[in-house]
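So you can see what is in the structure, the chains are spelled out below.
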Amino acid sequence: MDEDEYNIGIPSDVLGAGASTDAPTPEDPGFMDLFGDFLFGGGAQGLAGLGLLTGAYNRLGGIGERGLGLGQNLATQQMQQAAFRPYTITTPTGAMFTAGPSRPMTPEPMTPGAPNDGIFIDDGPGFTFDPMFADIRQGAVIDDTTGFTSEPLPQRPDGPSLRDFFNQFNGTAAPTLQPQGQQFGMQLSPMEQAFQQRMFGDAGTFFGQGIVDPSVREEQIYGQIETALDPQQRAQRLGLEERLAAQGRLGVKTSQFGGTPEQLAMEKAQAQQLAQARLSAAQQARQEQMQQAQLGQQYLGASYIPQAQMLSALAPGQTAAAQAQQAQLYGTGLFGEATASGIDALLGAGLGQANLMGAAGTGLLSGLFASPESAGGTEDNRSGFFRNIYDYITGG
Amino acid sequence: MAQELRSINLVAPAFKGINTEDSPLAQDPSFAEIADNAIIDKRGRIAARKGYDVITTNKTVLGTETLRAIREFRDNAGNSKIFSVGNNKIISGTTTLVDETPGSYTITTDNWKMVDFNDSIYFFQRGYEPLVYSNSSSAVQKMSTLAGASGASDIPKANEVLAAYGRLWCADVTNNKSTVYWSDLLIGQNWTGGTSGSIDISKVWPDGYDEIVSLAAHNGLLIIFGQHSIVVYQGAEAPATMSLADTVAGVGCVDRDTVQQTGVDVIFLSHTGLRSFGRTIQEKSMPISTLSRTITKDIISLIQGETQFFRSIYSPEENFYLLTFVGQQTTFCFDVRGTLEDGSFRVTRWPGSIFTAYERLTDGTLYVGTTNGVSEYKGYSDNGVRYRFKYFSPSLTFGDASRLKILKKIKPTLVGANSATVFMKFAYDFGTSYRTTEFTVGNQQPAFFNVSEYPTYSELSSYGISSTFVEDINGVSFVNGTTGYYEVDQFLGEFTSHPTTGSGGGSVLNGDSYFNTAEDIYYVYIEGSFVDLTTLTPTSFSEFTGGELTNQRSLNAVGSGTTVVVGLESDINGFALSLQEINLLALIGKTL
């Protein structure tokens with residue numbers, strides 16, 4: 001016989017012990033005899049007891065299964081009750097924070113004015129950004145082990161400029177996000193997104209200008225100053241030429257001054273003017289470079305203002321949601337406790353019923369399996385039969 | 001009834017020099033039609049010029065050529081050396097001419113100009129590297145060989161040079177006749193460093209184009225003479241900042257060597273005659289006056305006919321500016337003491353001049369260059385050869401050109417001309433056939449008061465001791481009426497007793513004299529003792545004359561005409577001659 005620990009039926013060998021197929025011997029009474037003896041000799045009582053026991057046994061099993069089912073139902077119900085309730089926080093400027101079930105997301109290209117999902121939080125193993133998404137969007141990664149961790153901006157690509165680096169967000173290539181259960185979404189209003197994009201783009205522009213070789217700008221500024229000075233210097237030269245012509249000195253050449261002292265002085269002054277202009281251009285170029293960097297920083301910071309403002313607005317909304325969630329959880333707990341109490345009572349009643357039936361059955365069987373020695377007679381085959389059953393049941 | 005003689009007195013005839021420009025009839029009798037070999041003497045009379053006396057005794061270096069330029073070089077120590085050029089050589093000396101031409105320096109032209117500057121004398125000629133002489137080097141050297149000199153290629157090979165305002169200025173180089181170069185301050189050989197420089201005035205010429213001929217410095221100005229225009233710069237002391245002060249169009253300079261500074265003016269020969277810048281101190285303009293209005297046509301003709309070169313000199317001692325047209329052997333003598341009413345100088349003419357160079361020395365001596373070498377302008381003969389003095393008056397009308405004049409007497413008054421033969425000439429009606437009468441001037445040795453009166457004492461003559469008369473009312477009264485004393489040779493001073501130290505610093509020498517204030521006696525030392533001068537015996541005594549020899553003659557004249565020209569000629573041979581006046585006596589006849 002195969003061992004089946006979950007099979008609570010009577011073992012076949014046990015049941016088959018008194019129902020051998022072999023022909024009765026003369027010494028052995030026939031089955032009917034035996035059966036009659038059994039029935040009239042107290043067997044019916046024993047069977048009744050057995051039936052009760054079996055019924056109690058089965059009831060107990062049913063109670064357990066029912067309890068399990070009720071518990072599961074309760075858990076399921078509580079799971080539903082305690083489940084996160086999606087909510088949305090909308091700022092006065094139109095930004096929204098949404099907490100809800102996850103969904104496959106395909107961010108729209110970050111075109112100015114286009115809606116954008118902003119930061120998405122996964123509810124899987126922990127809070128995490130999609131690295132790809134996070135890398136290119138925010139430059140910060142939040143993983144489940146370290147929590148929120150800011151990481152530096154990814155290295156600037158060698159080839160394209162920083163502006164190109166920023167401009168890639170305006171491209172059409174959009175990473176596809178895999179659905180990962182619960183997710184939270186923050187979405188700026190179109191105006192804010194447009195503002196953010198403009199600020200972001202301008203920041204890139206400024207940073208791009210900030211890293212341009214200052215000598216280029218210096219030459220540009222110097223050229224502008226030179227252009228501005230050129231008419232004045234030309235007028236000075238012409239004026240001097242006229243004065244020298246009036247003085248008959250146009251043809252003067254001296255070893256000391258080259259031309260006339262006035263010409264030397266004027267050329268010197270103009271050269272100094274241009275030298276000063278070059279110095280000013282250099283200073284201006286570097287100052288502008290610093291200003292570009294500062295503006296880039298300011299614009300970059302300003303590009304996060306909508307998000308920061310949205311996050312600021314998120315706190316009170318989250319507090320209200322947390323309170324609602326807490327109340328929900330509390331209600332769920334009460335519901336669970338109450339339901340569990342009912343289940344306990346139900347299970348207790350079942351157990352009591354089963355115990356009662358078991359006790360009754362036990363009592364009926366106890367007579368059936370009473371020992372002959374203890375009854376003053378001899379043990380016959382019948383008694384042996386039920387004893388075996390009894391022993392089998394009781395484990396004796 | 002006899003007609004009264006009309007007297008016409010020509011006082012100081014030709015006092016105003018030659019005038020060939022105005023009509024003879026309308027001329028002032030003070031002008032002269034001809035005044036040859038004449039000057040205007042110190043009393044304003046027409047007189048014979050001086051001659052020249054050749055100094056040079058050895059002119060082997062010069063050969064048969066003539067001196068083209070003479071220059072006295074005086075260094076800072078006061079040493080003097082005479083340089084001249086001629087026969088393609090740089091020459092020094094006066095009596096014996098010495099070739100100073102640097103070795104390996106070939107000269108083919110003698111158109112040099114020499115200037116003194118900062119202890120050196122510089123020689124400039126177009127196309128030639130300038131030469132320099134200084135007493136420290138004692139040799140004429142090429143400029144580029146001097147210490148601190150610019151390279152030979154950087155030194156202007158100019159034809160005109162001027163030393164002024166602490167620099168050398170030069171101009172007129174080959175292929176560039178519009179640029180004036182100036183040297184570094186006080187360094188005549190440095191033309192590329194320091195404060196040297198140049199100015200191209202090609203854009204300054206008032207007529208658009210001209211060529212620099214000469215340079216002059218005057219009154220803080222740099223005067224640049226072009227051929228047909230003049231440009232004047234002010235502030236030339238700092239040439240880098242000097243500026244145009246004035247320009248004159250239409251008047252230029254004919255030749256570099258006609259420009260002379262008189263101290264108060266700059267005289268130069270233009271194409272229309274002699275001109276000068278009037279000195280302007282207050283005025284900013286630069287008026288130009290013509291100094292040869294009376295001979296304009298003559299001088300223009302000479303300018304145009306000149307084929308050789310010009311020479312000029314200004315002599316304050318002689319009070320004249322000489323302008324010589326060498327090729328035509330004609331010299332005009334402009335008296336610079338004053339000008340006529342029209343602003344021109346009184347001018348006389350020296351025909352047959354062989355003068356080819358002039359130089360006025362620091363002491364006023366005037367050197368003249370000829371084929372004979374160096375000569376001195378002095379005496380009254382051209383190196384022993386007589387020359388003819390001529391005077392001819394303009395045509396005289398005696399106040400009425402329409403009436404006949406019958407000349408009766410000519411009474412000239414001459415001064416000087418000792419023993420000279422004088423020819424008086426006269427002609428009528430513009431005729432050229434002169435009637436001549438002659439006379440010989442008397443002989444007189446002049447003695448001059450208070451100049452050099454040399455009484456001769458027999459006791460002193462053997463010692464060669466001379467004496468000088470000093471007029472003194474407290475002195476000794478001499479037989480000739482003068483009162484004073486004679487300083488004999490070396491006057492030692494006034495003493496109360498015989499001095500013991502002579503004029504030589506040692507013992508008393510013969511001729512040393514002193515005035516004894518204690519005895520009021522003038523002593524002279526003779527042969528070991530002091531002798532009272534009044535005890536000596538004057539062997540001779542010069543008599544004071546009445547002045548210069550004056551001759552006044554009365555010469556008969558004949559003929560008649562409406563106009564009369566009177567002339568005087570005399571060969572000058574050792575004595576001066578001045579024409580004081582000519583008095584003409586004539587009858588005025590009928591009207592023709």
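None of the values given here were measured: they were computed from a predicted structure. (Residues numbered from 1 in each chain as written. Chains lettered and ligands numbered in written order. Predicted model: local features only at pLDDT ≥ 70, side-chain atom pairs only at ≥ 80, totals over all residues.)

### Describing the overall build of chain A
Of the regular secondary structure elements, chain A holds ten helices and seven strands. For chain A, with 396 residues in total, the buried portion stands at 17%. A separation threshold of at least 6 residues defines the contact pool for chain A, and within that pool the share at least 24 residues apart is 75%. (Helix = DSSP H or I, 4+ residues; strand = E, 2+ residues; numbered from the N terminus. Buried ≥ 20, exposed ≤ 12 C-beta atoms within 10 Å, placed from the backbone. Contact = placed C-beta atoms within 7 Å.)

### A few points about the overall build of chain B
Each helix and strand in chain B was counted, giving two helices and 49 strands. The buried share of chain B, taken over its 592 residues, is 45%. Considering only residue pairs separated by 6 or more positions, chain B has 57% of its internal contacts joining residues 24 or more positions apart.

### Observations concerning the confidence of the model for chain A
All names here are of chain A. In this model, chain A carries an average pLDDT of 69, and 61% of its residues clear a pLDDT of 70 or more. Below a pLDDT of 50 lies the segment residues 1–24, which in the model reaches twelve contacts outside its immediate sequence neighbourhood of four places, other chains included. Across residues 104–163 the pLDDT falls below 50, and counting only partners more than four positions away or on other chains, this stretch makes 110 contacts in the model. (pLDDT = per-residue confidence, 0-100.)

### So, the interface of chain A and chain B
Across the boundary between the two partners, chain A contributes 14 residues, which contact 19 residues of chain B. The leading source of residues in the side of chain A that touches chain B is strand E7 (residues 252–254) of chain A, at three residues. For the side of chain A that touches chain B, the per-class residue count stands at five nonpolar, seven polar and two charged. The pairing of E7 of chain A with strand E17 (residues 197–200) of chain B spans three bridges and is classified as antiparallel. The residue bridging Val 252 of chain A from the neighbouring strand is Ile 199 of chain B, located in E17 of chain B. (Nonpolar A, V, L, I, M, F, W, Y, C, P; charged D, E, K, R; others polar. Pairing = 2+ DSSP bridges.)

### Comments concerning the pairing of E17 of chain B
The two faces of a sheet get side chains in turn, since along a regular strand they alternate between them. Sheet topology note: the strand E16 (residues 176–182) of chain B/E17 of chain B ladder contains four bridges and is antiparallel. The residue of E17 of chain B that forms the bridge with Thr 179 of chain B is Asp 200 of chain B.

### Let's talk about the sheet that holds strand E7 (residues 80–86) of chain B
All names here are of chain B. Read from one edge of the open sheet, four strands run E6-E7-E8-E9, paired in antiparallel fashion. Whereas interior strands pair on both sides, the edge strands pair on one side only; in this sheet they are strand E6 (69–74) and strand E9 (98–99). Here strand E8 (residues 89–92) runs beside E9; their pairing, made up of two bridges, is antiparallel. Among the inter-strand pairings, Ser 92 is bridged to a residue of E9, identified as Val 98.

### Focus: the sheet that holds strand E21 (residues 243–249) of chain B
Residue and element names in this part refer to chain B. Strand order in this open sheet of four strands is E18-E19-E20-E21, and the pairing throughout is antiparallel. Where the open sheet ends on each side, the last strands, each with one partner, are strand E18 (212–218) and E21. The sheet shows a mean angle of 20 degrees between the axes of neighbouring strands, taken without regard to direction. In this sheet, E21 lies alongside strand E20 (residues 229–234) in antiparallel orientation, the contact comprising six bridges. The residue of E21 that forms the bridge with Ile 230 is Val 248. (Axes fitted to C-alpha atoms, helices over the stretch in contact; angles between N-to-C directions.)

### Looking at helix H6 (residues 214–246) of chain A
Residue and element names in this part refer to chain A. Here H6 contains 33 residues, and its C-alpha end-to-end distance of 45 Å stays within 8% of the 48 Å for a straight helix at 1.5 Å per residue. Listed as buried for H6 are Pro 214, Glu 218, Ile 221, Tyr 222 and Leu 244. Of the surrounding elements, those touching the buried residues of H6 are helix H7 (261–303). (Expected span 1.5 Å × (residues − 1).)

### Remarks on the environment of Val 212 of chain A
Here Val 212 of chain A lies in the loop between helix H5 (190–210) and H6. For the pair Val 212 of chain A and Gln 289 of chain A, spaced 77 residues apart in the sequence, the C-alpha separation amounts to 8.0 Å.

### Things to note about helix H1 (residues 296–305) of chain B
Residues and elements named next belong to chain B. All buried positions along H1 are accounted for by Ile 299, Leu 302 and Ile 303. Down the axis of H1, the buried side of the element spans an arc of 100 degrees, and every buried residue falls inside it. Exposed side chains of H1 directed beyond 90 degrees from the buried face belong to Gln 304 and Gly 305. (Arc of directions from axis to C-beta.)

### A closer look at the packing of H6 of chain A against H7 of chain A
All names here are of chain A. Packing of H6 against H7 leaves a shortest axis separation of 8 Å and a crossing angle of 155 degrees. What the angle tells us is that H6 and H7 run roughly antiparallel. You can see that H6 and H7 cross each other, and the crossing is right-handed. The residue makeup of the contact of H6 with H7, split by class, is twelve nonpolar, eight polar and eight charged. (Parallel < 35°, antiparallel > 145°, perpendicular 65-115°, else oblique. Left-handed = near helix turned anticlockwise from the far one by under 90°.)

### Some details on unusual backbone geometry
Residue and element names in this part refer to chain B. At Ala 12, a position not held by glycine, the phi torsion is positive, near 45 degrees. Classification of Ala 12 as partly exposed rests on a count of 19 C-beta atoms within 10 Å. Phi angles above zero are rare outside glycine, and Asn 37 is one such case at about 50 degrees. The residue Asn 37 is located in the loop between strand E2 (34–36) and strand E3 (38–40) in this model.

### Here's the deal with the environment of Asp 172 of chain B
Tracing the chain through its elements places Asp 172 of chain B in strand E15 (residues 167–173). With 14 residues separating them in the primary sequence, Asp 172 of chain B and Ala 158 of chain B have C-alpha atoms 5.2 Å apart.

### Points about the pairing of strand E29 (residues 345–351) of chain B
All names here are of chain B. With six of seven residues buried, E29 lies mostly within the body of the structure. Bridging between strand E28 (residues 330–339) and E29 involves seven bridges; their strand directions are antiparallel. Paired with Cys 333 across the bridge in E29 is Thr 348. In this structure, the hairpin formed by E28 and E29 is closed by a connection of five residues, where Gly 343 is found at a positive phi of approximately 90 degrees.

### Regarding the packing of H5 of chain A against H7 of chain A
Residue and element names in this part refer to chain A. At a closest axis distance of 7 Å, the pairing of H5 and H7 adopts a crossing angle of 160 degrees. Considering their axes alone, H5 and H7 lie roughly antiparallel with respect to each other. Judged by the sense of rotation from one axis to the other, the crossing of H5 with H7 is left-handed. Counted together, Gln 196, Met 199, Phe 200, Asp 202, Ala 203, Phe 206, Phe 207, Gln 209 and Gly 210 of H5 and Gln 289, Gln 292, Ala 293, Leu 295, Gly 296, Tyr 299, Leu 300, Ala 302 and Ser 303 of H7 form the full contact between these two elements. When its residues are assigned to classes, the contact of H5 with H7 shows ten nonpolar, seven polar and one charged.

### A look at the confidence of the model for chain B
Residue and element names in this part refer to chain B. Overall, the predicted model of chain B reaches an average pLDDT of 86, with 89% of residues at or above 70. A low-confidence stretch, residues 279–284 stays under pLDDT 50, and its non-local contacts, those more than four residues away or across chains, total five contacts. Note that pLDDT drops below 50 for residues 448–454; the model gives that stretch seven contacts with residues more than four away or on any other chain.

### Comments concerning the nonpolar core
Residues and elements named next belong to chain B. Judged by nonpolar contacts, the single largest core of 143 residues is most densely connected at Ile 46, Trp 169, Val 180, Ile 223, Ile 224, Phe 334 and Leu 577. If we skip the residues at most four places from it in the chain, Ile 223 touches Leu 215, Ala 216, His 218, Ile 230, Val 232 and Val 266. With nine residues, the next largest nonpolar core counts Tyr 514, Tyr 522, Tyr 525 and Leu 533 among its residues. (Core = buried A, V, L, I, M, F, W, Y, C linked by C-beta atoms within 7 Å.)

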